[in-house]
Amino acid sequence: MTNKKTNADAEPLRYTLLPCPLGRLLLAATERGVCAVGIGDDDTTLEASLANDFPAADLRRDDAGLSRWAADVPRHLNGDLPRLDLPIDVRATAFQRRVWQELLAIPYGGTRSYSEIARRLGRPTAARAVARACATNPVAVLIPCHRVVREGGALGGYRWGPERKRAMLETEREAAANAVVTAQGGRPAGDRRA
């Protein structure tokens, strides 16, 4: 599966760039929903990647038009918004969609192994296919492929590097633990109020 579109599929593709806890964030959308999310070190590289993934699209920067959707992603990456509920518009095979549904079912702050996802899909020998579905996920963060790890807990690969994956998982675990403590009437870790 690829997100590359042909000239017959060309349509306006709006995008925005903004800072996030992991560097720079690119969010791109069609009229139907978010079609790409990227995290990187600089805007030029992110824009080039978007143009490569959607070579026939009419790319238009639209910071104001996408500000509401874009503002939620850094909050999510900071641990302030555990659940992202943005419309998504991506092309996918039936298998990719099944994998991505499993990723969405992983609790915030939790992880599953590639093998475990494969078993849950009734395809116990398809761990590599699950990894490929994660690697081709154009809206990673919205569909949380960073929550999938190798058997035994090793991080495995990640489109934006293992350090970003580690940081995302640590932020989610801390935010999830703090939510439990707060729900039980305690104070979140790091709360120094007297």
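Bear in mind the structure is a predicted one, so any value in this text is a computation, not a measurement.

The rules behind these values
- Residues numbered from 1 in each chain as written.
- Predicted model: local features only at pLDDT ≥ 70, side-chain atom pairs only at ≥ 80, totals over all residues.
- Heavy atoms only, no water.
- Helix = DSSP H or I, 4+ residues; strand = E, 2+ residues; numbered from the N terminus.
- Buried < 20%, exposed > 50% of the residue type's maximum accessible area, 1.4 Å probe, protein only.
- Contact = heavy atoms within 4.5 Å.
- Areas by Shrake-Rupley, 256 points an atom, 1.4 Å probe, with all protein chains shown as cover.
- Pairing = 2+ DSSP bridges.
- Salt bridge = Lys/Arg side-chain N within 4 Å of Asp/Glu carboxyl O.
- Axes fitted to C-alpha atoms, helices over the stretch in contact; angles between N-to-C directions.

Participant: Could you give an account of the overall build of the chain, with specific residues and numbers?
Facilitator: For the chain, the count of helices and strands is 6 helices and 6 strands. Burial status across the chain gives 45% buried among its 194 residues. The long-range share in the chain, meaning contacts at least 24 apart out of those at least 6 apart in sequence, stands at 58%. With an accessible surface of roughly 10,100 Å², the chain has 48% of that area assigned to carbon and sulfur atoms.

Participant: Requested: an account of the pairing of strand S1 (residues 12-20), with residues and values cited.
Facilitator: Every regular strand shows the same layout, with side chains that alternate between the two sheet faces. Judged by how many residues are buried, S1 sits mostly within the fold: 7 of 9 residues are covered. The pairing of S1 with strand S2 (residues 23-29) spans 7 bridges and is antiparallel. Following the sheet pairing, Pro19 is matched in S2 by Arg24. Connecting S1 to the antiparallel partner S2 that follows it, the hairpin turn spans 2 residues.

Participant: Can you break down the pattern of salt bridges residue by residue, with the values?
Facilitator: Counted by the stated rule, this structure contains 12 salt bridges. Across the pair Asp89 and Arg32 runs a salt bridge, and its minimum N-O distance is 3.1 Å. In this pair, Asp89 sits in the loop between helix H2 (67-77) and helix H3 (94-105) while Arg32 sits in the loop between S2 and strand S3 (34-40), placing the two residues 57 residues apart along the sequence. The salt bridge involving Glu116 is made with Arg112; its shortest N-O contact spans 3.6 Å. Overall, the relative accessible area of 22% leaves Arg112 in the partly exposed class. Here the salt bridges do not stand alone but share partners, grouping Arg14, Glu31 and Asp62 into one network.

Participant: How would you sum up unusual backbone geometry? Please name residues and give values.
Facilitator: Although it is not a glycine, Val141 adopts a positive phi angle of roughly 100°. Along the chain, the position of Val141 falls in the loop between helix H5 (127-135) and strand S6 (148-149). Taking the relative accessible area as the measure of exposure, Val141 reaches 2% and is therefore buried.

Participant: Report on the environment of Pro124, specifying residues and quantitative values.
Facilitator: Following the sequence through the fold, Pro124 ends up in the loop between helix H4 (114-120) and H5. A relative accessible area of 56% places Pro124 in the exposed class. Expressed as a C-alpha distance, the spacing of Pro124 and Tyr114, which sit 10 residues apart in the sequence, is 9.7 Å. Once you skip the residues sitting within four places of it in the chain, Pro124 turns out to touch Ala118 and Arg119.

Participant: Which residues make up the sheet that holds S1, and what values go with them?
Facilitator: If you walk across this open sheet you meet the 4 strands as S3-S2-S1-S4, and the pairing is mixed. Each edge of the open sheet carries a strand with a single partner, namely S3 and strand S4 (58-61). Taking each pair of neighbouring strands and ignoring which way they run, the sheet shows an average axis angle of 25°. Sheet analysis places S2 next to S3, joined by 6 bridges and oriented antiparallel. The partner of Ala28 across the bridge, within S3, is Ala36. Sheet strands in contact with helix H1 (residues 43-53) are S1, S2, S3 and S4, and its direction is about 30° off that of S2. Sitting on the sheet, H2 touches S1, S2 and S3, and the angle it makes with S2 is about 140°.

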